[in-house]
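Understanding the architecture of this molecule
Listed here are the chains, written in short residue letters.
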Amino acid sequence: MEPTESARTHRQVLLWLVVALIVVLAGGMFVWMSNRIDALQAATAIRQDSGVEQTKRAVAALEQTVKDIQSSQQSLVDRIAEVQRKIASEGSNRKLMSDQLGALSARVDGLASANAESAATARQNSRTKR
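What counts, and where the lines are drawn
Residues numbered from 1 in each chain as written. Predicted model: local features only at pLDDT ≥ 70, side-chain atom pairs only at ≥ 80, totals over all residues. Heavy atoms only, no water. Helix = DSSP H or I, 4+ residues; strand = E, 2+ residues; numbered from the N terminus. Rg over C-alpha atoms; globule rule 2.2 N^0.38 Å. Buried < 20%, exposed > 50% of the residue type's maximum accessible area, 1.4 Å probe, protein only. Areas by Shrake-Rupley, 256 points an atom, 1.4 Å probe, with all protein chains shown as cover. Lys, Arg positive; Asp, Glu negative; His and termini not counted. Charge placed at Lys NZ, Arg CZ, Asp CG, Glu CD. Salt bridge = Lys/Arg side-chain N within 4 Å of Asp/Glu carboxyl O. Patch = residues over 30% accessible without salt bridge, like charges linked within 9 Å, V, L, I, M, F, W, Y side chains within 5 Å.

Topic: the overall build of the protein chain
Scanning the protein chain from terminus to terminus reveals one helix and zero strands. The C-alpha atoms of the protein chain give a radius of gyration of 55 Å, which is well past the 14 Å a tight globule of 130 residues would have. Principal-axis analysis of the C-alpha atoms gives the protein chain an extent of 185 × 25 × 10 Å. Out of the 130 residues belonging to the protein chain, those deemed buried represent 0%. For the protein chain, the exposed surface amounts to about 11900 Å²; the carbon and sulfur share of it is 62%. On the protein chain, the mean spot of the 17 positive side-chain charges and the mean spot of the 13 negative ones are 18 Å from each other.

Comments concerning the pattern of salt bridges
With the rule as written, the count across this model stands at three salt bridges. We note a salt bridge from E90 to R94, for which the minimum N-O separation is 3.9 Å. Taken together, the residues E90 and R94, both in helix α1 (residues 5-129) and four residues apart, mark about one turn of the helix.

Regarding the environment of L17
Relative to the assigned elements, L17 resides in helix α1. Of the residues examined, L17 reaches a relative accessible area of 54% and is grouped as exposed.

Topic: a nonpolar patch on the surface
Among the surface-exposed residues, V13, L14, L17, V18 and I22 lie close enough to one another that they form a single nonpolar patch of about 470 Å² accessible area. Within the secondary structure layout, V18 lies in helix α1.

What follows is the structure in structure tokens.
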């Protein structure tokens, strides 16, 4: 049995309808995928921008911390220099006091010697007078 002319025409129309349906579905799928890809790219860009901003804030915070540390370090260097100046000044004061004490001690020793000699002379004079 051969298909009749109307059956053949129905098959051709049906075939064209299936092809048209496939083309429409493929086009719709293409548009849907394109929109989906755009949405994913936008979301990724937002996350990347957020990540970049977080990184910038972290770098800025680290830079500020480094500046604070450098400032503290300079302050400590200045304090150490001041302490060293005071120690040097006190050392020279101690040297001066030591020299003065040595001179005073020599005078006291000289006076003690003179007093001892004068006491010895006074004893000899008192013995000779007797």
